[in-house]
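Here is how the chains run, residue by residue.
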Amino acid sequence: MKLNITKIIIAVVLILSDMICGQGYKINGFQITSGQVVSSSGLYKINSSTSSQTSFASSSDSFSVSHGMIGVIQTLSIDPPDIYVSMTDTIFQSGMSINVIGVLKDLNGVASANLHLQKGGSSKEIILPMFALNDSTYEVSIHDSLVTINNFRAYVRGADALANTANSKLFYPSIRYGANELNTNIDGSIYPDGVPSKKWRMISFPGSVNDSIINNARGNGYTFYVWNNLEMSWDFPSVIKPGTGYWFKHIYDGPFPFKSDSGTVLPLIPYEIMLDQGWNMIGNPFAISAKVLADSSEVSNLYFFGDSTNRDGWEVSSYQMRPWAGYAIYATSESSSITLLPFSDESENRSSSRTMGLEWVLQFSAKTQHNFDNVAMIGRKKHSLEIKDNFDIPLLPKIENGINVAFSIGESNFYNYSSDFRSVDEVNGVWDLSILSEQKSENIEFSISQNANTLPTGIVLALLDIQTRKVYYDFLLNSIMIRSNKNLVYEFKVIVGEPEYVRSAIREILAIIPSEFALSKNYPNPFNPITHLDYSLPKRSQIRLRVYNMVGQEIITLINEEKQYGNYSVSWNGLDKKGRNVASGVYFAELRSNDKSSVTKMLLLK
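Residues numbered from 1 in each chain as written. Predicted model: local features only at pLDDT ≥ 70, side-chain atom pairs only at ≥ 80, totals over all residues. Heavy atoms only, no water.

Engineer: How do you make sense of the environment of Phe 236 when you look at a structure like this?
Structural biologist: With respect to the secondary-structure elements, Phe 236 resides in the loop between strand 20 (233–235) and strand 21 (246–250). A residue is classified by how much of its surface remains accessible, and Phe 236, at 33% relative accessible area, is partly exposed. Spatially, the C-alpha atoms of Phe 236 and Val 226 are 6.0 Å apart, while their sequence positions differ by 10 residues. Filtering out sequence-adjacent residues up to four positions away, Phe 236 remains in contact with Ala 217, Arg 218, Thr 223, Phe 224, Tyr 225 and Val 226. (Helix = DSSP H or I, 4+ residues; strand = E, 2+ residues; numbered from the N terminus. Buried < 20%, exposed > 50% of the residue type's maximum accessible area, 1.4 Å probe, protein only. Contact = heavy atoms within 4.5 Å.)

Here you go:
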């Protein structure tokens, strides 16, 4: 028996040795590796189906073992919790607490859960601990003091037993408010004391507003207007919408404070405003200040009407919109838009006011006792052209008379642009600038509102007053006072460039400006039936050129219009204002402006 057993053992060993050395062998084991993956080498392939004492693969020159179930479990353990948030509603009443339920799932178990809340208008996060209802469900109550017209955004942060953390998605509620909760004296309001009396002002309405005075465009002592970009006109609005700016004026005694009966403040998520090509009147739909995300190659600056002294005029505003404020903005295409960001960390602003290298910008300011204009700009910008392009913004729409600083672009004699930007490929240039005051004649303080260091090194500026022929070389540092006539353009030349170019350009401009107001002798004289009259204007003037007979009767008016400085010529064909031939005789031509006149004698012989 012993011999037989010995022989069997020897035979088995020989067989195993031969198989192992010669062709490999497969061993199925159920208690070897304690995993559900394959362990293998050039000699062995070992399958295992239960548990392992390590989650890492085992290997050597002769075999490799990797393990499955615990490996999967321990890989999952480094993942943070899954978090789901639910509330009973997304629209809540201000001044009422809100219950928030968070469901957190994690194989390691949940160690803590907190609600992180950020009030509108604040960068600080308020952390509210959540209480466990069971091993995965947590609850917290948002105190009623946090549920206001400023609104809030919030998220749940959870941590597991291994300190892995995760955040839920942000949630943004809408909040209904009651009578007088939303008014113009809220924090950050552009009109904390109310809209001034007897003044046109641009306003907007935070959220969806229910109020009898707001829902009627015309009332007893007040009116609203909305800009119609297609018709280029002011219309009465049929409905008040968030995100829109409205002109408003009232005649009540003292400032008018808006107090809404009721309404809903919007969720504090980024708010996109689609713009029409041309001028748009827009507003802030939130009860807090909002940063504006804008592409400055497609849209202009923001402009606000009025200042802290209650003067009337347009002011350049930063890309920040305050509650209750309405703004003007110009879009160069039909696909332009801006986005309002209640929280500045939502995104970075695509626009920038910084200049680099040969770029520069100068902003002009003109103001009187009652009016101002602080939006006119010139400069050189990357991607700008020497000719008119999208960087050249037309004059802002007006709802009443005031003061304007404007530019004439190209060969046009019309001053109808509020900015004139040109290419950085050029250094030297002359800008045609004018000031138009539609109020009574009064002193105007004219200045540069930017610092002198906005010009590149080696570049200088000179201001030539066409009316007085005076040149200002220190205009970057000192304002000047001018006397403007009502409804008459006051003209300047702004020369910017290298010093020698500036001096040469001034000499050339002065050489072509007539030195005096004059009407020359007609030629030929005597004449039949046509004669010519030359005249000179040293400055822009409203002129009339008329022909009289010997007894002072007006025969015809040849010119009655505003003309800029220069030398001109006009012809008279011997006809009166009814188109009839006049008789032979002596006639007089008189050229008259507001303060000067010149007369010449003519002889018609047939």
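Still to come is the rest of the account.
Engineer: Explain the side chain of Thr 184 here, please?
Structural biologist: In this structure, Thr 184 sits in the loop between strand 15 (174–177) and strand 16 (201–203). On the accessibility criterion, Thr 184 (1% relative accessible area) is buried.

Engineer: How should I be thinking about the pattern of salt bridges in this particular structure?
Structural biologist: When charged atoms on two side chains of opposite charge get close, those side chains can pair. For the structure shown, the criterion picks out 15 salt bridges. Among the salt bridges present, the one from Lys 563 reaches Glu 561, with a minimum N-O distance of 3.9 Å. A relative accessible area of 37% means that Glu 561 is categorised as partly exposed. Its salt-bridge partner being Arg 580, residue Asp 576 comes within 3.0 Å of it at the nearest N-O pair. On the basis of relative accessible area, Asp 576 is assigned to the buried category, the value being 13%. Each of Lys 199, Arg 201 and Asp 312 takes part in one network of salt bridges that share partners. (Salt bridge = Lys/Arg side-chain N within 4 Å of Asp/Glu carboxyl O.)

Engineer: What should I look at first to understand the environment of Tyr 246 in this one?
Structural biologist: With respect to the helices, strands and loops of the structure, Tyr 246 is situated in strand 21. Tyr 246 sits 23 residues away from Thr 223 along the chain, and the two C-alpha atoms are 9.9 Å apart. Apart from residues lying up to four places away in sequence, Tyr 246 is in contact with Arg 201, Met 202, Ile 203, Phe 205, Phe 224, Tyr 225, Val 226, Pro 237, Val 239, Ile 240 and Lys 241. At a separation of 2.8 Å, a polar atom in the side chain of Tyr 246 contacts the main-chain amide nitrogen of Lys 241. (Polar contact = N/O pair within 3.5 Å; in protein donor to acceptor, adjacent residues only side chain to side chain.)

Engineer: Can you walk me through the nonpolar core in this structure?
Structural biologist: For soluble globular proteins, the rule of thumb is that nonpolar side chains tend to be buried together. Ranked by internal contacts, the top residues of the largest apolar core, which has 65 residues, are Leu 115, Ile 142, Phe 205, Phe 224, Phe 258, Ile 282 and Ile 338. Once residues within four sequence positions are removed from consideration, Ile 142 is found in contact with Ser 97, Ile 98, Val 100, Leu 115, Leu 117, Leu 128, Val 147 and Phe 152. If you look at the next biggest cluster of nonpolar residues, it comprises 28 residues, including Phe 364, Ile 403, Trp 431 and Leu 433. (Core = buried A, V, L, I, M, F, W, Y, C linked by side-chain atoms within 4.5 Å.)

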